[in-house]
Protein chains: 2
Amino acid sequence: MITSTTNTRVRDIRSLQRRKERDSRGLAYVEGIRTVLGALESDWGDVALLIVAPDLLKSDRALKGIAEAEKRGIERLDISAEVFKTLSNRDGPQGLSAVVRQRWTSLRSLELEDGDTWIALTAVADPGNLGTILRTADGAGASGIILLENSTDPWAHSAMRASTGAIFSRHLVRAEWPTFLAWAREQTVTLVGAADDAETPYRGANYGARTILLLGSEREGLSTEQREACDQLVAIPMRGQVDSLNLGVAASLVLYEILDQREASSVSDSADSLDVLAVTDVPEVAEVSE
Amino acid sequence: MITSTTNTRVRDIRSLQRRKERDSRGLAYVEGIRTVLGALESDWGDVALLIVAPDLLKSDRALKGIAEAEKRGIERLDISAEVFKTLSNRDGPQGLSAVVRQRWTSLRSLELEDGDTWIALTAVADPGNLGTILRTADGAGASGIILLENSTDPWAHSAMRASTGAIFSRHLVRAEWPTFLAWAREQTVTLVGAADDAETPYRGANYGARTILLLGSEREGLSTEQREACDQLVAIPMRGQVDSLNLGVAASLVLYEILDQREASSVSDSADSLDVLAVTDVPEVAEVSE
């Protein structure tokens, strides 16, 4: 068991707190029983190393997960509680963390199908917002996030924590704007931008069969070029004095509207194929059956 | 101009970073041009003191606002850029902050009317979530937030920043659960709780004419007693692997569903009174007219 905070491997793990190190090595440090088990259980979580502080780790579920991971050949590093705390980003550390390989999906390999929803984010700055959008993407059945331009790092601790594990269940893509746009045209997607001053409300808007929801940064919103590239601009009604919503909230409202439309239309499709006559009732059935 | 970081008044202002000081004195420290101007412009913002670093403050709009405030008798304290930075909670301080009197609405004074929406939060822990919910409450036309049990402080810097000024436009109420429940019964509100395992989806649920949306804490959700007190429990569909959404996101989805129902029904009401026959088209009209 490692008991020195200056041990080479411990320093190596600690260096992953810096984005530059994470980027160049393609690794990330994840912490907490739930997150680490989520990474292990997911196809997306390539766990390179489990870090265990036996003095802190009491959860049976965690110990079971670690035993299974060791059987699969995942390396385990035992460190003292004291050393663990020097790595930890949180109060009350649970004694389990991991080094994971960052998983990126290449834009070129991506083929959209009808019913797919993606989010494209321009220069999102707040890691909490990015993590929250990953979490909602998972909840609303969206496939993943395409990060355009200089985005904050989804593999930063605060983004991963806010994602509550969705970083391992959703696709992450990086792309430059021109490459992204060319790809989107090829895939015949409906590119929908969110803009405060759009005339079409987000509810009832046409999102098409394959949708990419494009959101600007917290400060700047969408650029003129981006707005013009969109097939549709939608607005969220603002009934008070603030002029916009939190980015994660705005994304979530639109993603759940898209989900609602997709599920209503799929119920409607199956009703058609069953030759049901009272199709006017179908949207209500869709909501009750959830 | 004050140039000493240990000046008594400066220390006094700095002490407002501690909740205990804020609570006992009923004051808060707010920062940034937008927030301070928002406080000045709002009926809710009782500004006790403006703090100005002339070397940092270049905005014409801010200088104009300060001049107006001084005319109205609001005290102004000039401090050096160096001293200002020791008070500031952010990078790139803009040179304008203020001490405001906390504004609380008493539950006893509160009379709900048809069409009113409120949020009641149980032991919300994250100031960013609380601020985000204030911001969305403003956007979705909800009146304010009732804080139940030990909630995080809405007058903390991070909560106020996340609210983007909505802390000055929405009502804030503090109450114990039994007092709150007795009051809610008197007001004949529909108490709607959000719960992952509820059978009724949040879309299309019945929210009544006067609604209080009850949300549990980030970790615990609603207690059994709270669930049983609700007239209606609603769930947000989860289609992926995470088991819940961020608290601010969950609140926002339900608040915007309530807004949508209210606006659809008010258009429907006016259509009725105009004796319009094609009332089946009305919900669509409601959405297009936003």
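Not measured: the values here are computed from a predicted model.

The rules behind each value
- Residues numbered from 1 in each chain as written.
- Chains lettered and ligands numbered in written order.
- Predicted model: local features only at pLDDT ≥ 70, side-chain atom pairs only at ≥ 80, totals over all residues.
- Heavy atoms only, no water.
- Helix = DSSP H or I, 4+ residues; strand = E, 2+ residues; numbered from the N terminus.
- Buried < 20%, exposed > 50% of the residue type's maximum accessible area, 1.4 Å probe, protein only.
- Contact = heavy atoms within 4.5 Å.
- Areas by Shrake-Rupley, 256 points an atom, 1.4 Å probe, with all protein chains shown as cover.
- Lys, Arg positive; Asp, Glu negative; His and termini not counted.
- Charge placed at Lys NZ, Arg CZ, Asp CG, Glu CD.
- Salt bridge = Lys/Arg side-chain N within 4 Å of Asp/Glu carboxyl O.
- Least-squares fit on C-alpha atoms with pLDDT ≥ 70 in both.
- Pairing = 2+ DSSP bridges.
- Axes fitted to C-alpha atoms, helices over the stretch in contact; angles between N-to-C directions.
- Phe/Tyr/Trp six-rings, centres within 6.5 Å; stacked < 30°, edge-to-face > 60°.
- Lys NZ or Arg CZ within 6 Å of the ring centre and 35° of its normal.
- pLDDT = per-residue confidence, 0-100.

1. A word on the overall build of chain A
- What chain A contains, in helices and strands, is 11 helices and 11 strands.
- Here chain A holds 290 residues, and the buried ones make up 53% of them.
- Residue pairs in contact within chain A that sit at least 24 positions apart in sequence constitute 79% of those at least 6 positions apart.
- Of the roughly 13,300 Å² that chain A leaves accessible, carbon and sulfur atoms contribute 45%.
- A gap of 11 Å separates the mean positions of the 31 positive and 44 negative side-chain charges of chain A.

2. Focus: the pattern of salt bridges
- Counted under the stated rule, the structure contains 32 salt bridges over all chains.
- Where A:Arg76 meets A:Asp78, a salt bridge forms, and the shortest distance between an N and an O atom there is 2.7 Å.
- Linking B:Arg19 and B:Asp23 is a salt bridge whose minimum nitrogen-to-oxygen distance equals 3.3 Å. Taken together, the positions of B:Arg19 and B:Asp23, both in helix α2 (residues 19-25) and 4 residues apart, correspond to about one turn of that helix.
- You can call B:Arg19 partly exposed: its relative accessible area is 37%.
- A relative accessible area of 38% places B:Asp23 in the partly exposed class.

3. Description of the relation of the copies chain A and chain B
- Expressed as a screw operation, the relation of chain A to chain B combines 0.0 Å of axial shift with a rotation of 180°, fitting to an RMSD of 0.0 Å. Expressed as an axis order, the relation between the two copies is that of a two-fold axis. When C-alpha distances to the rotation axis are compared across chain A, the minimum falls at A:Val249, with a value of 2.7 Å.

4. Points about the sheet that holds strand β9 (residues 200-201) of chain B
Residue and element names in this part refer to chain B.
- Taken together, the 7 strands give an open sheet; going across it, the order is β7-β6-β5-β10-β8-β11-β9, and neighbouring strands pair in parallel fashion. Of all strands in the sheet, those with a lone pairing partner are β7 (171-175) and β9, marking the two edges.
- As judged from the 4 bridges shared by strand β8 (residues 190-194) and strand β10 (residues 211-215), these two strands associate in the parallel manner. If you follow Val192 over to β10, its bridge partner there is Leu213.
- Sitting on the sheet, helix α8 (residues 177-186) is in contact with β5 (117-122), β6 (144-148), β7, β8 and β10, with an inclination near 135° to β6.

5. A word on the packing of aromatic side chains
Residue and element names in this part refer to chain A.
- Using the criterion set out here, one finds 6 aromatic pairs over all chains in the structure.
- Plain terms: the ring middles of Trp177 and Phe180 are 5.7 Å apart, the flat faces sit at 40° to each other, and that makes the pair tilted. In this pair, Trp177 and Phe180 are both assigned in helix α8 (residues 177-186), 3 residues apart and thus about one turn of the helix distant. When sorted by exposure, Trp177 lands in the same class as Phe180, which is buried.
- Three or more aromatic residues link up through ring pairs in this structure, and these residues are Trp177, Phe180 and Trp183.
- Its guanidinium or amino end placed over the ring of Trp104, Arg174 lies 3.7 Å from that ring's centre, counting from NZ or CZ.

6. Quick word on the confidence of the model for chain A
- In this model, chain A carries an average pLDDT of 90, and 91% of its residues clear a pLDDT of 70 or more.
- Listed scores for the predicted complex are pTM 0.90 and ipTM 0.89.

7. As for the sheet that holds strand β3 (residues 75-78) of chain A
Residues and elements named next belong to chain A.
- Read across the sheet, 4 strands follow the order β1-β4-β2-β3 without closing on themselves; strand pairing throughout is mixed. Each edge of the sheet is formed by a strand with only one pairing partner; in this case those strands are β1 (27-31) and β3. Each strand axis lies, on average, 25° off the axis of its neighbour in the sheet, ignoring direction.
- Two elements, strand β2 (residues 46-52) and β3, share 4 bridges in a ladder whose sense is parallel.

8. Considering the environment of A:Leu255
All names here are of chain A.
- For Leu255, the position within the fold is in helix α10 (residues 247-273).
- According to the relative accessible area criterion, Leu255 is buried, its value standing at 2%.
- Sequence spacing of Leu255 and Thr122 is 133 residues, and the spatial spacing of their C-alpha atoms is 17 Å.
- Residue contacts for Leu255: discarding those within four places in its chain leaves Thr117, Ile119, Thr136, Ala137, Ala140, Ala142 and Leu213.

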